[in-house]
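Report on the structure
Residue strings, one per chain:
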There are 4 protein chains.
Amino acid sequence: MTEPIYDFRSDNVGGAAPEILEALVAANAGTAAPYGDDHYTRRMNERFTALFERPVTVFPLSSGTGSNSIALAALANDFGSIYCHETAHINVYECGAPEFFTGAKLVGLPGADFKLDAARLDEALSLAGRGNPTRVQPFALNLTQPTDFGTLYALDELAALCDVARRHGLRVHMDGARFANAVAALGCSPADLTWRCGVDILSLGATKNGAINAEAVVVFDDELAREIPYRMKRGGQVLSKARFVSAQLARYVADERWLERARRANAHAVALADTLTRLPGVSLVAPVQVNMLFLRMPDAAVAALDRGPFHYYKLGHDLRFVCRHDQEPEGLEALVRCVRGAIVPAADLG
Amino acid sequence: MTEPIYDFRSDNVGGAAPEILEALVAANAGTAAPYGDDHYTRRMNERFTALFERPVTVFPLSSGTGSNSIALAALANDFGSIYCHETAHINVYECGAPEFFTGAKLVGLPGADFKLDAARLDEALSLAGRGNPTRVQPFALNLTQPTDFGTLYALDELAALCDVARRHGLRVHMDGARFANAVAALGCSPADLTWRCGVDILSLGATKNGAINAEAVVVFDDELAREIPYRMKRGGQVLSKARFVSAQLARYVADERWLERARRANAHAVALADTLTRLPGVSLVAPVQVNMLFLRMPDAAVAALDRGPFHYYKLGHDLRFVCRHDQEPEGLEALVRCVRGAIVPAADLG
Amino acid sequence: MTEPIYDFRSDNVGGAAPEILEALVAANAGTAAPYGDDHYTRRMNERFTALFERPVTVFPLSSGTGSNSIALAALANDFGSIYCHETAHINVYECGAPEFFTGAKLVGLPGADFKLDAARLDEALSLAGRGNPTRVQPFALNLTQPTDFGTLYALDELAALCDVARRHGLRVHMDGARFANAVAALGCSPADLTWRCGVDILSLGATKNGAINAEAVVVFDDELAREIPYRMKRGGQVLSKARFVSAQLARYVADERWLERARRANAHAVALADTLTRLPGVSLVAPVQVNMLFLRMPDAAVAALDRGPFHYYKLGHDLRFVCRHDQEPEGLEALVRCVRGAIVPAADLG
Amino acid sequence: MTEPIYDFRSDNVGGAAPEILEALVAANAGTAAPYGDDHYTRRMNERFTALFERPVTVFPLSSGTGSNSIALAALANDFGSIYCHETAHINVYECGAPEFFTGAKLVGLPGADFKLDAARLDEALSLAGRGNPTRVQPFALNLTQPTDFGTLYALDELAALCDVARRHGLRVHMDGARFANAVAALGCSPADLTWRCGVDILSLGATKNGAINAEAVVVFDDELAREIPYRMKRGGQVLSKARFVSAQLARYVADERWLERARRANAHAVALADTLTRLPGVSLVAPVQVNMLFLRMPDAAVAALDRGPFHYYKLGHDLRFVCRHDQEPEGLEALVRCVRGAIVPAADLG
């Protein structure tokens, strides 16, 4: 028997939640029209409409990169720019997919805690050359919530950013790859976090929180939805048996379990941060607000971690640990024990 | 209780084969690295290597359009052209996805039985202006096997076409959305049908034959595989939890069931064609060689079909019926009864 | 001293007309704002407005390919198709530039005399799958007037085609690389030939008729003009010293000389066709309606032509001769003499 | 008679140098093959080969944006990135043309005096994720020489940057829109400034220094030149009557006048900077090394300038003045007088 390895690489290393898998299996009965013209997809739309407290149009996809790219393309012109934080996922980790689907330039701005700042955005947009044909024309603001470093925009921060965007003629896209973790952490409603703040289109990810390659583009403006089916087909994002994704998404939001899982994952990360940062030499790169920790720690601790039994990521000098809702308690304990053991002299551990 | 509707729209209206669904469910255990760096994907590669009797590189995707587009992009330059039959799926039913991913122009040629003809291809390529900068430069030949009208290239036809392509400097892509049906019908090996004829890259679809959004790009030339991971990411085709597709594909080719299903589906179609074309006024638009029938029939028969209980597609004046391996026998019988009833006077049915 | 070579390759092998060159030289005085914000460009706009008998917006460019591509891009969506004759210049001789600038698929239709036929266009558009997300969506009709084979659409043919386009929701682009030759041959007004028939946007070429790399995009609909400056910049089509193109174009249409030149060029071609087709074995590939001849002739005549002193093009089995307004009379005579000498036995020439 | 306006907007507001205009006019004689297959273009190639002291391949274009875009596209892959200074012309003032032609992401780095720094570039490239499919892959370094703020890289700075690029697998493009001003200011040879430092491909602009829409892509590596004709055609960058650009470029480098003009323009700017910065409150935004000044000055001075008779540009808080070789002496004097008058109390001017 092999020793277990505790996996902190990402929340997408886990499998599906039981009820999601059941929904997928249940969708196997009978025939259904392909390409999203089926009753599972219609039910998904109804449930998202209920969840967001207003009519929405929802498209099922299997890739988060595809979901972000399609959502941004729905906003785009051909000579435009998308404003985002310089560390935004779309700007760093999608191999240029948003540019490919939109033809746009991504403009990454700096900002504390890996978040955009409304005043800085306002200034950047003021200098962007609206109406000058030698300059790309801004059309979209991307808000990654939570950010790729696990920080969160407060509702009033979101509203302020959306307001700046609106004044400069931009539409707003939210990258919610970990939307559940944000809703759980902020304790607000999905509606509060999105269209009530001014978000026009949302990429809501379920994959990292218990689904199997199930992502949704949620559109809060009918007009934006009109061209999406063509853009999805042209982008290879339409699923032949879409029902198997729609069935997952419909089940995903059918009760509170998606939020409970997110809450558990968040709590693991916060507790871990709390414990580890008490150790000398361990510091946070970013505040821990959802289920991700970015840490720096002494070389000895890093060396100890590398001896295992752990999976985690290094990004430059930072160590990244992501907690899943079903993170093994013994894994969490082993991680703390390992770091503490490397840092605190054996005598002191007494 | 609602009356059953017999569904002949497409083979993608069906669900998953039991063993495929089991494999998917089994893959839910434990954690696995995302994005295809997992042992399910490695096992899929091994099994495809065995199946094709040579080392291959296989990429798991969830969309057939994506699979075709990525495969073609792996062959492309930026000012090129792809030769295909004018009715090829990539030319008609993918909303420009191949053009989007490759930047190329699709050149659709006519040809009997919806198939390309080697002599005509040779002539077209001779006039294509190789080396003339005012002309797009041919780089790929697309062979859809079976064609979108359910006809098949014989092995010697494939070899002749690949030979023409090679002489003109083109690489060859096979769109095998219904690859199983072609292998089953021709009774040849997957190797015979592809690289032994001269195919460089294959889009092998499993979705229409018992899988859930599981498609494979199979690369017979290492060099062609090198850039595919970047192109897939940039095209939103990389799956976060790729293991759930790889596990299906690994299971798909693990035994003979994929071919048995295809054989059954083909047999349903051939039998249906045989029966229906004995009726006066019913004629085939294309020879029935796999699981698809394209028919013309008297208006009275069409009207009868439209009264139900059937789902099928009309394409202009043609009626399309696609048979699944698990097509209900009573549906097949009902279909024949309906058409016969509309055509043959009741007295004659005696 | 070298023997003169008579050049029938194309009308772009000639230089500039005297008054056009003078206008270019005159524009060298003083400074002027770059990128088209200068008084030469404003004057060009005024003169085109007078010429077309209605307000137009005109953009100066130096490339005909650029002009066609920008005009089509002004009409385009991202998942669309452009209908044109299969032999259209944009479809064959621009190395995919229209596809590159528009992201669209070009759909080439056959048609007698290298012209589109309204009924066939209507049928093709009826089958194009408007509203079906698996199909590219038609947005533009391209009319090449004169065609690449030197044939002309009559005004009622243009009106009928534009009417079909309009009914199917397409806008109309005219490729007028040899617009002057068409106006001269038909004896109609520029307005009659364009917007009065239903043309929305025109690529008017002056280069082939006495200018130096001077092409105009003429827009008959304000709304279509709005995004063109951005598309031109993004496409590298904005000229730093645009005044030198605008000054040429303003002078080009300032009097009747552009039409006189075109008339002369047309007359040369018609006379040549008249003489040559009296010879046995010489036949026209297309009716000669402007300044281009496409001929087939006996091998002996082709061999004689190849011994010189002539430049001309072969396209497959066809010989192409294009006449310039300043085609040397001795060149025209020498050409006839050469062909006749090869075909008619010396005795008969007696 | 209208009061003269002294024009400091840009060096492209001027006309052509006499000998350049003469060369253009002289090229009007006779016929010549279109699209660059003419003897003017061959002569241009020979002269550039002499100028650069090695075989080069030169392509004539009419747009600087086109020249940069084509040069970068010759280096590109489809999922790549181009590193440049954040203020680089290609990053700010070309409306996304480089992205459009290359499909790449532009990565703008900060750097003192508007120049890239070799150490910072090295670090950025080290963190760029070479080989990681979620990251765009760096393929080109863009060096703008002089920069858009009129500063210059020294030869050893260029060599160091090219060396970093080479070590990370990038090719090097130089944007030499004002190449003459750089050569003149540094007193080096064109060879020293380019391929001897490690530059692979150069966009050499002649338009801003006495030519009419004449730009050259100069390729120092045969292999890179191979696909450029196709890319140029597809990008609408091939000129029908290319001889009129090639004739200018051949004449441009035929003697020393191009450098003399650049020297004069540079000298005007340096003298102006010297005088103006002695005035209280006037400061430079960037060192003046070629023919461009970027200044800040008191509001009163700006207001005085706005009352005329001057044309110049404001970029945010900075004032930009560009000097032409033929800048009117009275314009230079008037500018100084205006600023001094607004800043220095009348009494002090006594």
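Rules used in this analysis
- Residues numbered from 1 in each chain as written.
- Chains lettered and ligands numbered in written order.
- Predicted model: local features only at pLDDT ≥ 70, side-chain atom pairs only at ≥ 80, totals over all residues.
- Heavy atoms only, no water.
- Phe/Tyr/Trp six-rings, centres within 6.5 Å; stacked < 30°, edge-to-face > 60°.
- Helix = DSSP H or I, 4+ residues; strand = E, 2+ residues; numbered from the N terminus.
- Buried < 20%, exposed > 50% of the residue type's maximum accessible area, 1.4 Å probe, protein only.
- Lys NZ or Arg CZ within 6 Å of the ring centre and 35° of its normal.
- Least-squares fit on C-alpha atoms with pLDDT ≥ 70 in both.
- Contact = heavy atoms within 4.5 Å.
- Axes fitted to C-alpha atoms, helices over the stretch in contact; angles between N-to-C directions.
- Parallel < 35°, antiparallel > 145°, perpendicular 65-115°, else oblique.
- Nonpolar A, V, L, I, M, F, W, Y, C, P; charged D, E, K, R; others polar.
- Buried area = accessible area lost by both parts, 1.4 Å probe.
- Salt bridge = Lys/Arg side-chain N within 4 Å of Asp/Glu carboxyl O.
- Polar contact = N/O pair within 3.5 Å; in protein donor to acceptor, adjacent residues only side chain to side chain.

Let's talk about the packing of aromatic side chains
Counting across every chain of the model gives 50 aromatic pairs over all chains. Between the aromatic rings of C:Phe100 and D:Phe100, the centroid separation amounts to 4.2 Å while the plane-to-plane angle is 10°, which identifies the pairing as stacked. Remark: D:Phe100 occurs in helix α5 (residues 97–102) and C:Phe100 occurs in helix α5 (residues 97–102); the pair is interchain, linking two chains. Each member of the pair, C:Phe100 as well as D:Phe100, is classed as buried. Linked through ring pairs, A:Phe48, A:Phe52, A:Phe179 and A:Phe220 together constitute an aromatic cluster. Above the face of the B:Trp195 ring, B:Arg54 is positioned so that its terminal group lies 4.9 Å from the ring centre.

A few points about the relation of the copies chain D and chain C
By a simple turn and slide, chain D fits onto chain C: the slide is 0.0 Å along the axis, the RMSD is 0.0 Å, and the turn is 180°. Both chain copies can therefore be described as sitting about a two-fold axis. Same-surface contact between copies: 100% of interface residues of chain D are shared with the interface of chain C.

Details of the packing of helix α8 (residues 179–186) of chain A against helix α13 (residues 257–276) of chain A
For any two helices packed against each other, one specifies the crossing angle of their axes together with the interaxial distance. Residues and elements named next belong to chain A. Closest axis-to-axis distance for the α8/α13 pair is 8 Å, and the angle between their directions is 80°. Classified by the angle their axes make, α8 and α13 are roughly perpendicular. For the pair α8 and α13, the contacting residues are Phe179, Ala180, Asn181, Val183, Ala184 and Ala185 in the first and Trp258, Leu259, Ala262, Arg263, Ala265 and Asn266 in the second. Of the residues contributing to the contact of α8 with α13, the split by class is nine nonpolar, two polar and one charged.

Some points on the interface of chain B and chain D
By a widely used convention, the size of an interface equals the accessible area lost when the partners come together. Each partner contributes to the interface: chain B provides 15 residues, whereas chain D provides 15 residues. Buried area between chain B and chain D, both sides added, is near 1,500 Å², and the carbon and sulfur share of it is 61%. In this assembly, chain B and chain D are joined by two salt bridges. Of the charged contacts, one joins D:Arg231 and B:Asp78 as a salt bridge, the two residues approaching to 3.0 Å between their closest N and O atoms. Joining chain B to chain D, the criterion identifies eight residue pairs in polar contact (both at pLDDT 80 or more). Considering each element in turn, the side of chain B that touches chain D owes the most residues, five residues, to helix α11 (residues 228–234) of chain B. Grouping the constituent residues of the side of chain B that touches chain D by class yields four nonpolar, five polar and six charged.

Describing the environment of C:Cys95
Note that C:Cys95 resides in the loop between α4 (89–92) and α5. Taking the C-alpha atoms as reference points, C:Cys95 and C:Thr65, 30 residues apart in sequence, are found 9.3 Å from one another. Non-local contacts of C:Cys95, meaning those with residues more than four positions away in its chain, are made with B:Phe79, B:Pro133, B:Thr134, B:Arg135, B:Val136, D:Tyr230, D:Lys233 and D:Arg234.

Thoughts on the interface of chain D and chain C
Each side of the interface is counted separately: chain D has 48 residues, and chain C has 48 residues. The contact between chain D and chain C buries some 3,900 Å² in all, and 53% of this surface belongs to carbon and sulfur atoms. When the buried area of chain D at its contact with chain C is split by residue, D:Phe100, D:Arg234 and D:Lys241 rank highest and sum to 20% of it. In this structure, the connection of chain D to chain C is made through zero salt bridges. Taken together, chain D and chain C are joined by 31 residue pairs in polar contact (both at pLDDT 80 or more). Secondary-structure elements contributing two or more residues to the side of chain D that touches chain C are α1 (18–26), α3 (64–75), α5, α11 (228–234) and α12 (243–252) of chain D. Classifying every residue of the side of chain D that touches chain C by side-chain character gives 21 nonpolar, 18 polar and nine charged.

Section: the relation of the copies chain B and chain D
Once turned by 180° and shifted 0.0 Å along the axis, chain B lies on chain D with an RMSD of 0.0 Å. A shared interface surface links the copies, since 100% of the contact residues of chain B are contact residues in chain D too.

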